[in-house]
Amino acid sequence: MTSPPPQDPQGPPWARPPQPPRAPQPGGAASSSTDAPMLGDEAVARAAEAAAGHSSERIIDTSSGRDDGLNKCPRCGSTEIQYSLTAKALVCSYCRHSWNEDIAEQRFGLDSSIAELRGHTMASGTADVREDLTTVTLKCQGCGAEIVLNVDQQMQARCHWCRQTLSINSQIPNGAVPDAVLPFLLTREEAVERIDAFAGKRKTFALGRFTQEFVPENVMGVYIPYLVVDGNMHAVLRGTGEVTTREYTVQRRVGNDRTVTETYYDADVYAVQRAFDLLVDDLTVESASRFDADENEEATNNILSAVQPYDTENAVTYNSNYLKGFTSERRDLNVRDVDAEVEDKFLAIARAKAAPTISRYDRGVRWKEEGVAVHGTRWVSIYVPVWLYSYADSAKGEGALTHYIAVNGRTGTTMGSVPVSHPKIFAASCAAGTVAAVVGALAGLAYMFF
C-alpha cells in the first residue's frame, strides 16, 4: 500500500491537519471540490453554522426619502441642475451653486467593520428586480400634474405645464435606481484622446473599413450597474506540494542515429493545508446580463472588466441629476444570480492569500479541496462611469460582431477590441518568415565559410 504523504513540516501556525469529513452545513459554505468538500475543518463548520444562524437579511434603506420627484438646489430651490465635469459637482443653472451628495458609505453606515459582518446585509437598492415594472407616475408638486415615466428608458422628465424637472428619487424594484453613483471625472475630450490613441496603435493590422469609418468623437458616456460586496469568511485549502530533492538528465537513443536528453526530478510530496480568516472589501460584479460574455457572443463588451478597478468607496448617494447627459444601463441580475461568480472570486482571493506561504514547494502545490464558509456579506448596488465607443463592420450588416473600446470614467484606463484584417496579418507573417529564412541562410553560409 502507498502511505499517505507527510504533513507540511513548515506550515504556518494556523494550518491544521485534516479531520474526518462530516455532513455539510447549510447557509454559507461554498466549495469547489466535487467529491470531498471542505467539511472536515471545524472552523468551517462553525462559520457555516454562524451563517445559518444569521440567515435572515438585514435591509439598509438607502432611498432618498423624497417621493415628490423633485431634486432641488439646496440654495435656491431650482430643479434646473446639471452635473459639471469641469467642476466635478452638481451645479444649479440659476444660482450657480455647486455641491455633491454625501458619500454613500458614510451616509448609510456601509463603512462599518467587515470583520463584524454576520448573515447578509443588503442595501435596499439590491432588492430583486421586477421585470413587469416599467412605468411610474410622478405627481408634480409645483402644479399637481401627473407625469408618466418609462423607467426602462429615462429617469427624468419635465412637467409639461410648469416645466419643473421631475426625477425618480425613490427606489423602484425594477433595477433602475441604485444605492449610489460614482460620478464621471474624465471629460469627453479626454476620453476621445485615449480611444484615438488606443486604436491608433493597432491600425497597422486593423480592418481597412475600420480605419476609414473610425470616429472616436462618437464616444458615449454610460453608467454601468455593478453589485459591490464585502465578505467576512473562513477559507480552507487542502492539497499536495512537492519539493525537489534531485535533478538529473538521462540520454536515450531514438532510432539508429539520434540521441535525446531528458531531465528527471525526484521530489518529496507533502500534504498541505492552509486555513485562515479572510476579509474582502468592495468586490465588484457586473449586474447587467448583456455584459456576460457567455450570453452575448456578438459583442466584445466583456472588456468592461479590464478597465477596473473603480474607487467605489467614493460613490455618492443616488441623485438622478448625475445621470443627466449620460445614458445608463438597468440592472437585471439579482444577488442570487451572481452569487456563484462571487464565490469563485472569493476562492481566487483565498488562493492568492495562501500563495506567499507555499513558496518552499518549488514544484508547486496542487489544491485538491478548497472552500470558504461565509460569516457575513454586505451588498450594495452602484452605477460606475464608462466612456464607450462601439464599431460594427458596415459591410457585414446585421449579425456583425460589435467591437467596443471602453475608458474608465474615473482613471482613464482604456481597453477594447479592434477588427483585424486577416490578409494583413498573413502578409506580415509571410514577411517575417521570409526574413527568418534569409537570416537562417546567411547564418548557414557564414558557418560554411568559416
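The sections below set out a description of the structure shown in this document. Small disclaimer: the values here were computed from a predicted structure and weren't measured.

Details of the overall build of the protein
- Helices and strands together make up the secondary structure of the protein, namely 6 helices and 18 strands.
- By residue count, 45% of the 450 residues in the protein fall in the buried class.
- In the protein, 74% of the contacts between residues at least 6 apart in sequence involve partners at least 24 apart.

Looking at a negative patch on the surface
- A cluster of like negative charges, contributed by E189, E190, E193, D196 and E217, occupies part of the molecular surface.
- Tracing the chain through its elements places D196 in helix α3 (residues 188-200).
- By relative accessible area, which is 37% here, D196 ends up partly exposed.

Here's the deal with the pairing of strand β3 (residues 81-84)
- Going residue by residue along β3, you find I81 and Y83 tucked away on one face and Q82 and S84 left uncovered on the opposite face.
- Relative to strand β4 (residues 89-92), β3 is paired through 4 bridges, and the arrangement is antiparallel. Looking at the pairing, S84 lines up with A89 of β4.
- From the end of β3 to the start of β4, which pair antiparallel, there are 4 residues, and K88 there has a positive phi angle of about 55°.

So, helix α5 (residues 335-354)
- The terminal C-alpha atoms of α5, which comprises 20 residues, lie 28 Å apart, in line with the 28 Å expected from a rise of 1.5 Å per residue.
- By the largest-angle criterion, E341 marks the main kink of α5, which is about 30°.
- Along α5, the residues classified as buried are V335, V338, V342, F346, L347, A350 and A354.
- The secondary structure elements touched by the buried residues of α5 are β6 (119-123), β12 (220-254), β13 (258-286) and β16 (365-392).

What counts, and where the lines are drawn
Residues numbered from 1 in each chain as written. Predicted model: local features only at pLDDT ≥ 70, side-chain atom pairs only at ≥ 80, totals over all residues. Heavy atoms only, no water. Helix = DSSP H or I, 4+ residues; strand = E, 2+ residues; numbered from the N terminus. Buried < 20%, exposed > 50% of the residue type's maximum accessible area, 1.4 Å probe, protein only. Contact = heavy atoms within 4.5 Å. Patch = residues over 30% accessible without salt bridge, like charges linked within 9 Å, V, L, I, M, F, W, Y side chains within 5 Å. Areas by Shrake-Rupley, 256 points an atom, 1.4 Å probe, with all protein chains shown as cover. Salt bridge = Lys/Arg side-chain N within 4 Å of Asp/Glu carboxyl O. Lys, Arg positive; Asp, Glu negative; His and termini not counted. Charge placed at Lys NZ, Arg CZ, Asp CG, Glu CD. Pairing = 2+ DSSP bridges. Expected span 1.5 Å × (residues − 1). Bend = angle between axes of the 7 residues up to and from the residue.

Keep in mind these values describe shape, not function.
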